[in-house]
Amino acid sequence: MLPRNLSARLFAAALGLTLAASDASAQLAINFTAPGNQFNNNNWSLGWRFNLLQPVSVTGLGMYDDNGDGLRSQRSNVGIFNSGGTLLVSTWVTNSDPLNGFFRMASISPFTLNAGNNYYIAGTTGPDNYTWNDAGFTTDPRVQFVSDQFTQSSSLVFPNAGSSGVTGWFGPNFTISAVPLCSRV
């Protein structure tokens with residue numbers, strides 16, 4: 001039998017390794033090999049609608065950084081909405097957040113999204129560029145891109161408009177990992 005304080009330390013270490021492993025397995029929801037069109041013509045709450053093919057744990061929210069040298073606005077508010085327009089999770093992405101591909105990614109407390117539901121991700125553009133019709137566009141196998149979405153606004157709001165013929169308005173993005181077994185219902 002282990003002493004009580006040693007048992008607690010071993011449990012804490014195991015929990016830390018589990019959390020580190022889940023962060024290491026986090027994947028970008030969308031990615032591309034090269035930006036397509038880049039532009040900014042207004043203040044937008046823009047992003048894209050998606051479905052999930054299996055439950056996921058959202059571990060980070062991010063915003064496109066066109067040159068990888070920081071957001072001109074210094075920060076962007078990014079969030080995920082359900083199909084009814086309710087904001088489920090959000091955070092501010094700043095220049096101090098690490099770059100993952102073309103996106104500055106802010107870590108968040110893991111948040112579970114269920115499969116079979118429509119979700120919308122949006123981010124505030126301010127003076128920052130966004131991109132669309134990107135070369136080598138892919139999604140994580142658990143994520144199904146549905147359409148681009150936008151609303152003219154300087155604050156984070158539900159992006160209720162869309163257009164045809166455009167693959168995304170990629171400002172916002174998110175990282176996901178598998179839902180831990182203890183969280184599944």
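Residues numbered from 1 in each chain as written. Predicted model: local features only at pLDDT ≥ 70, side-chain atom pairs only at ≥ 80, totals over all residues. Heavy atoms only, no water.

## Observations regarding the sheet that holds strand 5 (residues 56-64)
At step 1: Pairing within the open sheet is antiparallel, and its 5 strands lie in the order 1-14-5-9-8. The two strands at the open ends of the sheet, each matched to only one other strand, are strand 1 (27-28) and strand 8 (99-100).
At step 2: Examined bridge by bridge, strand 5 and strand 9 (residues 103-113) share 8 bridges and lie antiparallel to one another. Counterpart to Y64 in the pairing with strand 9 is F103. (Pairing = 2+ DSSP bridges. Helix = DSSP H or I, 4+ residues; strand = E, 2+ residues; numbered from the N terminus.)

## A look at the side chain of S147
At step 1: For S147, the location among the structural elements is in strand 13 (residues 143-152).
At step 2: You can call S147 buried: its relative accessible area is 15%.
At step 3: Among the polar contacts listed, one links the side chain of S147 to the side chain of Q149, at a separation of 2.9 Å.
At step 4: Among residues more than four places away in sequence, those in contact with S147 are W48 and R49. (Buried < 20%, exposed > 50% of the residue type's maximum accessible area, 1.4 Å probe, protein only. Polar contact = N/O pair within 3.5 Å; in protein donor to acceptor, adjacent residues only side chain to side chain. Contact = heavy atoms within 4.5 Å.)

## So, unusual backbone geometry
At step 1: Despite not being glycine, Q74 has its phi angle at roughly 75°, a positive value.
At step 2: Within the secondary structure layout, Q74 lies in the loop between strand 5 and strand 6 (75-82).

## Details of the pairing of strand 9
Two faces, one strand: in a regular strand the side chains alternate between the faces of the sheet.
At step 1: Where strand 8 meets strand 9, 2 bridges bridge the pair, whose relative direction is antiparallel. Residue pairing across strands places N100 opposite F103, the latter belonging to strand 9.
At step 2: The turn joining strand 8 and strand 9, which pair antiparallel and follow one another in sequence, is formed by 2 residues; a positive phi near 65° is taken by G101.

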